[in-house]
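# What the coordinates show
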Amino acid sequence: MPALSILIWVPAACGLLGALLSGVPRSASGLRRTLPATFALIGSLAAFGLAIGYIVEYKTGSQASTVTQTLHHVTNVTWIASLGIHYKLGIDGLNVLLIGMSTLVFATAILASVARSGEPLERPGLYYLFLMIAESAVLGAFLAQDLALFVAFFDLMLIPFYFLTGMWGRGERRQRIGATIKLVIYTLVGSLLMLAAAIATGVLAAQQHGTHLNFALSALQTLRLSKGSQEWIFIFFAAAFLVKMPAFPLHGWMPDGYRAMPIEVLMIFSGVLSKVGAYGFLAIVLPLFPQASVHFQMLMLLIALASILYGSAIAFRQTDARLIAGYSSIAQLGFITLGIFSLQQQGAEGALLQMVNHGLVVAPLLFIVLLLSRRTGGSEDIRDMGGVAFRAPVLATIFLIVALATLAMPGSANFVGEFLILLGVFKAKLAIAIIGFAGVVAASVYALRLFIRSMHNRKGAKVDSHDISWRDGIVLVPLVAAILFLALYPQPALKRSERSTSAAVAEAQVFDAKTIASVQGSGWTSYKPIADQKTGPSR
Amino acid sequence: MSKLSPTLLAAASLPHPHIDFAALSPLIALLGGAVIVLMAGLPRSQTIRRHGVPLLSLVALGATAGLTIWQWQDEKSIVSGALRIDRLALVLNLLLAAAGAVTVLLAWRSGREDSAQIAAGEGDSLEERRVERIAQQRWSGELHALLLSSIAGMALLVAAQNIVLLFLGLELLSIPLYVMCASDRSRGRRREHSLESGLKYLIIGSVGSATLLYGLALIYGATGATSFTGIAHAIASHGLSGNVMLLFGVTLAIAGFCFKSSVAPFHQWTPDVYEGAPTPITTFMAIATKVAALGAFLRFFDVALIEVNSDWGPAIATLAAITIVVGNVGALTQSSLKRMLAYSSVAQAGYMLAGVVVASALGVKATVFYLAVYLCMNTAAFAVIVARERETGLGDSIQAVTGLGRQRPWLAWPLTLSMLGLAGIPATAGFVGKFYLIDAAVSGGYTWLGVVIVIGSMISLAYYLPVIAAIWMREAPAIEPTPAAQGPLPAIAGGSPELDEVGGATNLSARAGQGRVVLVALLGGAATLFFGIVPQPLFDLVQHVGRGFGLF
């Protein structure tokens, strides 16, 4: 069995095994409770180990022999011959870091579920089964190198969250189910539009070039669609990805969904699933629809900017700690979109790094919210918090690291990411970059506000502060270690992604250069170094 | 002896038509089976009525399927060109046999179940209920004979290559169904509903048949041919594409077909009839009738009227779009699962019409593929409804499946998979089916119809997901001694938790002996999942269905 299939399917297989085995011994209730969790842990840790192996082994730009061979460990089997769909998986510079981040977040979320105190989990077999199916689907979406396969995994990964939120979520049942249905419909609406668009991509490409139907990304890249088709297809894809992220006008599901989800599940949803949308832009939209990407560049940049400003502004005002994390995600994902649609290599590279960073930051942040709520009598409102740091120095330290990483303190990998993003945008659209800087400032305000209001200030009325237990530590330490590692050594990550990111924006840059050349000097938003202006467009 | 010999010789030398019994054998098995089953129902023995008759029906259906597979490689016209035995007819025959078998299995009740049902029933005394149950069994032979002859009508319909036989098949399909819809002989409201359903179906079905007949007559008038190929030939050679009489005939024929396959705006009968009919019969109508009607649609429009595709294509595309929207929106507010599935089947008919509209080999394949998928998904859903109807006093209301995930996981999973499949979620067959249909629509230049299909799927999530929520995320209604199914029922959309607390009895003893129904549900659910992950067998099945048309 090819290696990447093992990575994808090990979690689901473990989840299924745990669920089935827990159903068998009807008498041993202790076993029924621990078996699924054990299997889930094994599965997620195995996936994480494999992912780390792939990251370490991944050949960086200078070492690789040829430029053309960018896809590693390719598995290519025809899945549905009549529809030209392949079960094609592969690792490239875009997904290699993301699978590492995803498997880590999944493993820690499962640790968090295991370490969960208070009343035991109901129906643990199903819970871990759905979590593991979600992990398999997410990894499948990242690794898929076939458009139809990507769409299938993309749609599939949402379904487990429907069950996870509806069955184990918080709040009154009726509201919870309402929020769950809203969440799923909202996000699937985008995905289904993408399904139509993906099929149209394959069929129209085959028609316009007179070839057989083939959904493999490599094949579709050579069969460029006409500009008119690209444009409507782009809109459908963008809708799917922007909803999932979520971006500003399409985030309606976010507050209710965030409130209803159990926080262990939310760690995954916020940390990993939103990245699949951003990844889709880099891996699918830019290479397949470069003309449309250039055409809609300004629109996407404005959406990104609106997300940054809106997310930051609401995060200032929120008192629900969980929603502060939620709205800050909107802002952070706005940055990522900004980087991608700068259509510059630095911007895309920064965006990719920032995707990894955000996943690593938001997961511990949400877990800390859970820890805080345990110390404030179950409330997640920052007005009820305060003074926790006094008796919890370890928690305070970890929280400070996470908070500083969130606000992109110089020295953190987030700083590198945001710097590269703004560098890219600066090259492309000067005015947008200047407004984007405001977002960097805003991030420090809401991150520090959350930290100060919960950890310092006067002690809240119901606050009963104590330090974290080793079980909580197991969850937090790997994530914080990853944050610190990337802060100290961002270079290995950047090296792995640079060639793929420049390949991702290369096609779009060709068309971008043409547009720039045609309006040379007339656009006040386009900036070019003087050296470049003398010699004309660089490409 | 010697005196008779000249006559005998003369008789022997008379030219008699060649009858291809081999090609007719599936039809013969069905009609012969119907007669045998009718006879088998005559003895008074309870065992024969209860078990012998369904068993014989299954044998007849199995024989049909076997004989169909025996003909697999054949491709010929028989009965002087009136019937066409090709891959389309054979594949649809298989689907029909499967649908028939599902119906028989769902209608088959064991003695234990009966006694549990009798003990748990409402209203009259125990003895009266027992008498009533026995009376119901007296109809066993007739019902199964009607079922088999209806399937024979469907097999005729999907093979018909001639407008006379087309109409004949349609009537042979419909008339037994009218009776079957009205066949619930239990006392009280259910019987009234069943009678109402049968009558409604009879009246509306007759209007549909009459419209179709008029349309066919006008088409004959315009082209002077009754065979499909003759019609196609006449249209091509006389340049009839703008002919008013032909177009009027085509319009009426479309309306007639739409009545039968419940395409909006001719769908209004569907929810009422589906709700009122006994649930196994509803299952049969939902899956088998759809197969037959769309099979006829495909052959009639893609063979006989292929030359005027530019005339009827946009019209049917519009109807398909309207159907998708109307069906999905209609299902949103339903509180009865059967009504919800009725509206959903209207929407699914709309999806499948996309394959008819494009008039290409790809379209035919996509439609037949989706029919097979649709059969699996609806089988699972209806089997669960049948099981819950027998176990609870809640009928087919959404409450009957509330809390099913904890209570009966073996029923909960099939229904969940079926709902996900109908909504078109990946890893279920529904996803691949929809993928194929959209592929066909886009390839045929109807990209907008592909987009309408996904918009329909989006709307459909709003009623499929609450069913899943009810199964897994709500508590089962409390067990009460008397069923309270008469009261207002909660709406599916949104749910209404205050009503979740009241509820009906879960008759635990009725659970016993439900093995067959659970098995059907599991098979349907497993097929939905299996063909979602490994769809290749179904693709192989439909590989050549468009081949015999010869016009593509």
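Our subject in this report is the structure included herewith. (Residues numbered from 1 in each chain as written. Chains lettered and ligands numbered in written order. Predicted model: local features only at pLDDT ≥ 70, side-chain atom pairs only at ≥ 80, totals over all residues.)

### Here we look at the overall build of chain A
A tally of helices and strands in chain A yields 21 helices and two strands. In terms of overall size, chain A behaves like a compact globule, its C-alpha atoms giving a radius of gyration of 23 Å where 539 residues would be expected to give roughly 24 Å. Counting only C-alpha atoms, chain A reaches 65 × 55 × 45 Å along its principal axes. Residues counted as buried form 62% of the 539 residues belonging to chain A. Summarising the internal contacts of chain A: among those between residues at least 6 apart in sequence, 82% fall at separations of at least 24. (Helix = DSSP H or I, 4+ residues; strand = E, 2+ residues; numbered from the N terminus. Rg over C-alpha atoms; globule rule 2.2 N^0.38 Å. Buried ≥ 20, exposed ≤ 12 C-beta atoms within 10 Å, placed from the backbone. Contact = placed C-beta atoms within 7 Å.)

### A few points about the overall build of chain B
Within chain B, the secondary structure is distributed over 23 helices and two strands. Buried residues in chain B amount to 61% of all 552 residues. For chain B, restricting intrachain contacts to residue pairs at least 6 apart in sequence, the fraction spanning at least 24 positions comes to 80%.

### Quick word on helix 14 (residues 321–340) of chain A
With 20 residues, helix 14 of chain A should reach 28 Å at 1.5 Å per residue; the first-to-last C-alpha distance of 29 Å fits that figure. In terms of burial, helix 14 of chain A is largely enclosed, as 20 of its 20 residues are buried. (Expected span 1.5 Å × (residues − 1).)

### Regarding the interface of chain B and chain A
Between chain B and chain A, the contact holds 31 residues from the first and 26 residues from the second. Counting residues per element, the side of chain B that touches chain A draws most heavily on helix 20 (residues 447–473) of chain B, which supplies 13 residues. When the residues that make up the side of chain B that touches chain A are grouped by side-chain class, the tally is 23 nonpolar, six polar and two charged. (Nonpolar A, V, L, I, M, F, W, Y, C, P; charged D, E, K, R; others polar.)

### Remarks on unusual backbone geometry
The step from Met245 of chain A to Pro246 of chain A runs through a cis peptide bond, and the omega angle for that step is -15°. Relative to the helices and strands, Pro246 of chain A resides in the loop between helix 9 (227–244) and helix 10 (254–260). Note the cis peptide between Ala264 of chain B and Pro265 of chain B, where omega equals 0°. Here Pro265 of chain B lies in the loop between helix 11 (244–260) and helix 12 (269–276). Even without a glycine there, the phi angle at Ala408 of chain A is positive, about 60°. Position of Ala408 of chain A relative to the elements: it lies in the loop between helix 16 (393–406) and helix 17 (413–428). Overall, Ala408 of chain A belongs to the buried group, with 25 C-beta atoms counted inside 10 Å.

### A short note on the pairing of strand 2 (residues 85–91) of chain A
All names here are of chain A. With five of seven residues buried, strand 2 is to be regarded as a mostly interior element. As judged from the six bridges shared by strand 1 (residues 72–80) and strand 2, these two strands associate in the antiparallel manner. Residue Val77 lies in a different strand from strand 2, and its bridge partner there is Tyr87. The turn joining strand 1 and strand 2, which pair antiparallel and follow one another in sequence, is formed by four residues; a positive phi near 65° is taken by Gly84. (Pairing = 2+ DSSP bridges.)

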